[in-house]
Amino acid sequence: MSRWEVVIGLETHVQLATKSKIFSGASTAFGAEANRQACAVDIALPGVLPVLNREAVVCAIRFGLAVGGEIAPRSIFARKNYFYPDLPKGYQISQYETPVVAGGGLTIRIDGTEKFVRLTRAHLEEDAGKSLHEDFHGRTGIDLNRAGTPLLEIVSEPDLRSSAEAVAYAKALHALVTWIGISDGNMQEGSFRCDANVSVRHPGEPLGTRREIKNLNSFRFLQQAIDYEIQWQINELEEGRAIHQATVLFDPDTGETRAMRSKEDAHDYRYFPDPDLLPLEIGPEWIAEVKAGMPELPQAMQARFQADYGLSAYDAATLTATREMARYFEAAVAAAGRENAKPCANWVMGELAARLNRDERDIASSPVSAGQLAGMIRRIGDGTLSSKLAKEVFDALWNGEGQGDENAADAIIEARGLKQVSDASAIEPIIDEVLAANQKSVEEFRAGKEKAFNALVGQVMKATRGKANPQQVNELLRKKLSS
Amino acid sequence: MINSSLRELSAALAQKKISSVELTTLFLDRIEQHNPTLNAFITVDRERALGLARAADAKLGAGETAPPLTGIPLAHKDIFCTRGLRTTCGSKMLANFISPYDAHVVERMNDAGMVLLGKCNMDEFAMGSSNETSYFGPVKNPWDTARVPGGSSGGSAAEIAARLVPAATGTDTGGSIRQPAALCGLTGLKPTYGVVSRYGMIAFASSLDQGGPMAKSAEDCALLLNAMAGFDARDSTSLDRPAEDYTRDLDKPLDGLRIGLPKEFFGAGMSEGVRAAVEGALAEYRRLGATTVEISLPNSGLSVPAYYVIAPAEASSNLARFDGVRYGHRAAEYRDLIEMYEKTRAEGFGAEVKRRILIGTYVLSHGYYDAYYLKAQQVRRLIAADFQEAFKSCDVIMGPTAPSVAFKFGEKSADPVEMYLSDIYTIAVNLAGLPGMSIPCGFEQGLPVGLQLIAPWFAEAKMLGVAHRYQQATDWHTRMPEGWQ
Amino acid sequence: MSLTPDDVQRIAHLARIEISAAESAQTREQLNAILAFVEQLQAVDTTGIVPMAHAVDVVQRLREDRVTETDRRDDFMAIAPESEAGLYLVPKVIE
């Protein structure tokens, strides 16, 4: 019996970062009271008509450029017809036969290896409203604030072979859409939701019947749902039962998936071109204009970081996890000088990332500005500040000392007297004192115990309250001991 | 006064020979007197009308130049949403629907200073050619109350014919302005698709629907169209073109005008009286300096079947919003959500609307889309191309508007297909998006006959001129049915 | 092509229109008459003809991304068949 191969494709709904809805002038801001942002068009009053939001199209073009897809010179909006209380028109305006973006792909990194995941398409569509199932005398409440919010539905090819790959893909996609600024990516607010099409087969056999897990709005749920679903399907098949195509929901409480109870009319959506909307034309000039306004993409930036700054692939990838982090890093390097690029990378990925993580802050609101961090790193570089005391300076900066002052590190070093002592004439007398006071360690060192040397260095550093240049202490101490 | 043209009314108001309140009261009283017989209005709002009339009088008295239609009464087909005023679309589904907003056309007519008297009866959701499908009962034809006024803008047509209002709006998806205009002895115009905004006009078949004016003459229609037409950013299919004066060609002589006569429109199927009246009109045009040339629209015979795939398909989707959730009728008793939908829609829609929704649902459904819907759209292109070809050899096309004069109630309502054939000459125009109009050109046994004019895209002004010159030479359009004095 | 009673029920359900047993036969007959009538389209050779979805050959106009609508919930709720706390109410939806 051959092992099972898992086949997964994701359909991701990305809420686009527009101010107004895709076909109406109502606000898309999150969190308004129910139905206060549902205008006449959104609630589908008789006689109202849709008009397409230009910015939603710009977002789609940006995405198409970012994934190397083809941007359709002419695409069509279609109606997907079905009845549901949170779907006010009785149809969803979407794109069916001709999506705005076709093809392209995304590189994901998993266990140190890269994999290219092909995209089928990305199309523009409107979101539905929300059904609130909590009790209104046993009835469901409908909030249409979300109805008409612009979405880009991004469909991958069934290239993913495990839940880990699916999560890596979803994370890479999430990073990309936020990077290019087309979505805030807020998963709690539903700005990034995945549907996972999962099937299993024996390698080399045709694709198995898939089941679609709907509406997964966290990476963890995505992983759990897929893992559960894979196991369920394998069990079914191994016990001789067939898989039937179905739409399933994931219950985070039980960690299980279950088929939806409502049958969707065997999915006869009766798609046809929306007669209220004309063909969307995107000419080369428009694409060029959008391209000119695109930020450097993460992969290009990673290559540049490696080439220009001598960073490792890992560092380059870490520093480009978000556009804010990359922006911060580049600002720090610009201020600290290219020769300090590696220390900048280390500080950003190390101390700064740890603090941000601890305090649950994002890098854009870091209390230590890139310029301040660079100022400190410069002082390490020129020997003014020891790495050890740099932590103290960083602490001070983090706690708001010298806030707003790009040269705060210098002021802190000065005020606290943290300047590194690199003057031999100042260090030598202290070494002499330490040697005199630690004859036992001296003897041990001379007897061949290297450890004793470190103890002596420690003593000298302690005596200078950490300010002595450790390298210089090393050299002077060795000289004295060998004389 | 009730027979006056809009220009005459405008002059009388400007010269203070009559006030808008007096004029409005005159027509309101006529409505009160005759509407119980005709059933042409679904809603009349006397207080609102008088308020608008007082405002118009204030504008007229203020010395500043008020727009030319200021103070003249008007009625809207009940398909146009009117804020704060019931908008039913002739359906039980919307029998109590008070629109929270105004249609673009309604805004435009308000801005023009016209006084809205009420809302006109119509076939339910504009689906019908006889006004028999209205939830509010059929409208009677003022020329013979045993006969239909045509449809779907039958209320608009009957009111004007009986002089209950000087002008009204209509909509035309397959002939719904032109056919009732013909059957009631009026002038009605369907503009080029995209000239009049569809915003706030309850959709039947979005790619075919177009609003337009109905009145006693081409000149009246030109003045009304000046007010109705115009770009509207809220309708993606509204065309952003410079504003036009549709009266500009009214006095243009007809010398050299080439009238195309599609041989397909003059074959069998037309009644003898209609044929005689249309031939008479063509003779008159030749006397006025025009020449006639035979043309062919080889695919026009396919327009009715193509239409009865495309229009129901769009309608089945357009009418899905009537689900009893946010507005309109909701069934009183149901066990669950599905039953709420199914009972609400079964109760709220009438038989013809349901039929068309079902046909439309079927032709779009899985496995049938290509054979029906796509095929019909391909045939639609063939039909449109026929017109492009025809207009190479003529300036305007003429023929009958309807195959017969007004028919009796019940005569065609048992057989949907026979009813559909009432629009055999008008439907192709909608499929091609062209402007068309109907003008009175005679009678058959005391019932009016309409002459249809079809022009190239955006040639409304020219077409109105062609109609106006005929109306200067004839008096068919001035005839009024008896019994409504 | 002729619709069976099952077809009619399936279509009616897709369209969410209840058709009683009493109506069913007549509805089927009328729908079949209409379908027979439109059947003549099948005889037309439309090879290579681009379907015509719109009456005029123009492209989509785009709206600037601005919030132009204000809150009119109270007006809209006033015409709703059933509402509470600013929500439209419907029979319990089962997912």
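Computed from a predicted model, the values in this text were never measured in an experiment.

Colleague: Kindly report on the overall build of chain B, identifying the contributing residues and their values.
Modeller: Each helix and strand counted, chain B has 15 helices and eleven strands in total. Its C-alpha atoms give chain B a radius of gyration of 21 Å, near enough to 23 Å, the size a compact globule of 485 residues would have. Dimensions of chain B, computed from the C-alpha atoms along their principal axes, are close to 65 × 55 × 45 Å. Buried positions account for 70% of the 485 residues belonging to chain B. The long-range share in chain B, meaning contacts at least 24 apart out of those at least 6 apart in sequence, stands at 76%. Carbon and sulfur atoms make up 51% of the accessible area of chain B, which totals about 14000 Å². Averaging the coordinates of the 48 positive side-chain charges in chain B and doing the same for the 54 negative ones gives two points 1 Å apart.

Colleague: Mind laying out the interface of chain C and chain A, listing which residues take part and the relevant values?
Modeller: On the side of chain A, 58 residues touch chain C, which itself brings 38 residues to the contact. Applying the counting criterion to the chain C and chain A interface returns three salt bridges. The closest approach of N and O atoms between Asp71(C) and Arg36(A), which form a salt bridge, is 2.8 Å. There are 24 residue pairs in polar contact (both at pLDDT 80 or more) connecting chain C and chain A. Where the side of chain C that touches chain A is concerned, the elements lending two or more residues are α1 (5-14), β1 (62-63), α3 (73-78) and β3 (87-91) of chain C. Of all the elements, β3(C) adds the most residues to the side of chain C that touches chain A, at five residues. In this structure, strand β2 (residues 52-53) of chain A lies alongside β1(C), joined through two bridges in parallel fashion.

Colleague: I'd like a description of the environment of Val41(A), backed by residues and values.
Modeller: Structurally, Val41(A) can be placed in the loop between β1 (5-15) and β2. Judged by its relative accessible area of 15%, Val41(A) is buried. Measuring from C-alpha to C-alpha, the distance between Val41(A) and Leu249(A) comes to 30 Å, with 208 residues separating the pair along the chain. Those residues in contact with Val41(A), other than ones at most four positions away along the chain, are Phe23(A), Ser24(A), Val48(A), Leu49(A) and Tyr199(B).

Colleague: How would you summarise unusual backbone geometry if you had to cite specific residues and measurements?
Modeller: Geometrically, the link from Gly151(B) to Ser152(B) is a cis peptide bond, its omega value of 10° lying close to zero. Despite not being glycine, Asn35(A) shows a phi value in the positive range, around 60°. Tracing the chain through its elements places Asn35(A) in the loop between β1 and β2. One non-glycine residue, Asn131(B), lies in positive phi territory at about 65°.

Colleague: Mind laying out the pattern of salt bridges, listing which residues take part and the relevant values?
Modeller: Counted under the stated rule, the structure contains 61 salt bridges over all chains. Between Arg379(A) and Asp410(A) there is a salt bridge, and its shortest N-O distance comes to 2.5 Å. Placement of the pair is Arg379(A) in helix α9 (residues 370-381) and Asp410(A) in helix α11 (residues 408-416), with a sequence separation of 31 residues. Residue Arg479(B) pairs with Asp475(B) through a salt bridge whose shortest N-O separation is 3.3 Å. Taken together, the salt bridges that share partners define one network made up of Arg79(A), Asp274(A), Asp276(A), Arg198(B) and Asp235(B).

Colleague: Describe the environment of Gln60(C), listing the residues and the values that go with them.
Modeller: Structurally, Gln60(C) is set in the loop between α2 (21-38) and β1. Leave out the neighbours within four places in its chain, and Gln60(C) touches Val51(A), Leu52(A), Leu277(A), Leu278(A), Pro279(A), Leu280(A) and Ser236(B). A polar contact of 2.8 Å, which involves the side chain of Gln60(C), links it to the backbone nitrogen of Leu278(A). Here Ser236(B) takes part through its side chain, which lies 2.9 Å from a polar atom of the side chain of Gln60(C).

Rules used in this analysis
- Residues numbered from 1 in each chain as written.
- Chains lettered and ligands numbered in written order.
- Predicted model: local features only at pLDDT ≥ 70, side-chain atom pairs only at ≥ 80, totals over all residues.
- Heavy atoms only, no water.
- Helix = DSSP H or I, 4+ residues; strand = E, 2+ residues; numbered from the N terminus.
- Rg over C-alpha atoms; globule rule 2.2 N^0.38 Å.
- Buried < 20%, exposed > 50% of the residue type's maximum accessible area, 1.4 Å probe, protein only.
- Contact = heavy atoms within 4.5 Å.
- Areas by Shrake-Rupley, 256 points an atom, 1.4 Å probe, with all protein chains shown as cover.
- Lys, Arg positive; Asp, Glu negative; His and termini not counted.
- Charge placed at Lys NZ, Arg CZ, Asp CG, Glu CD.
- Salt bridge = Lys/Arg side-chain N within 4 Å of Asp/Glu carboxyl O.
- Polar contact = N/O pair within 3.5 Å; in protein donor to acceptor, adjacent residues only side chain to side chain.
- Pairing = 2+ DSSP bridges.

Honestly, it's all geometry; don't read function into it.
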